Amino acid sequence: MPELVVTNLTKKFGGLTAVNDVSFSVKSGEILGLIGPNGAGKTTLFNMIAGVYRPDAGSVRLDGRQISGLRPDLVCDAGVGRTFQIVKPFPTLSVLDNVIVARGIDRYPRPRAIWQSWRSRKEEESAMRLLEKVGLADLAGRKAGLLPLGNLRRLEIARAL
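Description of the structure in this document. Only a predicted model underlies this, so the values are computations on that prediction, with no experimental measurement involved.

Criteria and cut-off values
Residues numbered from 1 in each chain as written. Predicted model: local features only at pLDDT ≥ 70, side-chain atom pairs only at ≥ 80, totals over all residues. Heavy atoms only, no water. Core = buried A, V, L, I, M, F, W, Y, C linked by side-chain atoms within 4.5 Å. Buried < 20%, exposed > 50% of the residue type's maximum accessible area, 1.4 Å probe, protein only. Helix = DSSP H or I, 4+ residues; strand = E, 2+ residues; numbered from the N terminus. Contact = heavy atoms within 4.5 Å. Axes fitted to C-alpha atoms, helices over the stretch in contact; angles between N-to-C directions. Parallel < 35°, antiparallel > 145°, perpendicular 65-115°, else oblique. Nonpolar A, V, L, I, M, F, W, Y, C, P; charged D, E, K, R; others polar.

### Some thoughts on the nonpolar core
Of all hydrophobic cores here, the largest spans 17 residues; its most connected members are Val 99, Leu 131, Leu 136 and Leu 155. For this core, the secondary-structure elements that each account for two or more residues are helix H3 (95-103), helix H4 (121-134) and helix H5 (149-160). Ignoring any residue separated from it by four or fewer positions in sequence, one finds Val 99 in contact with Ala 127, Leu 130, Leu 131, Leu 155, Ala 158 and Arg 159. Membership of the second largest hydrophobic core comes to 13 residues, among which are Val 6, Leu 45, Met 48 and Ile 49.

### Concerning the packing of H3 against H4
Following both chains from N to C, one finds H3 and H4 inclined at 110 degrees, their axes separated by 9 Å at the closest point. When the interaxial angle is binned, H3 and H4 end up roughly perpendicular. Between H3, through Val 95, Leu 96, Val 99, Ile 100 and Arg 103, and H4, the contact on the second element is made entirely by Glu 123, Glu 124, Ser 126, Ala 127, Met 128, Leu 130 and Leu 131. When the residues that make up the contact of H3 with H4 are grouped by side-chain class, the tally is eight nonpolar, one polar and three charged.

Written as structure tokens, this is what we have:
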């Protein structure tokens, strides 16, 4: 069964139809590419899937659960992560610390919680598993700002995961 199912998504901005009746599915482990010229609606489509925009028509389902129309944080909680074309890691932090910080986002419900320790053996091990998954484990101690673009993209994927 497909994990992500996009059915008849449409988004209009005034008189402009940015995305018109798009449907596709992505199975677990499958990689799907979306290509098209500038202005074709690719980013708008991703924004609807990620919850940035509410579709005017159609639906997005993840593992059978309707996620279209949910806020971005709820779409993320459901399991949809997103990276951006321009990568912005914390350049002075290590690759490992960049992933640890990204993992901690749900542990900071109050402003003063950010002053609590965010680094533990458990967090380091979890972050290292993600770095292994994207092929960056051997660069865990390197400052993120020193990585070439291809590895920065891998770091962004680990941070999204």
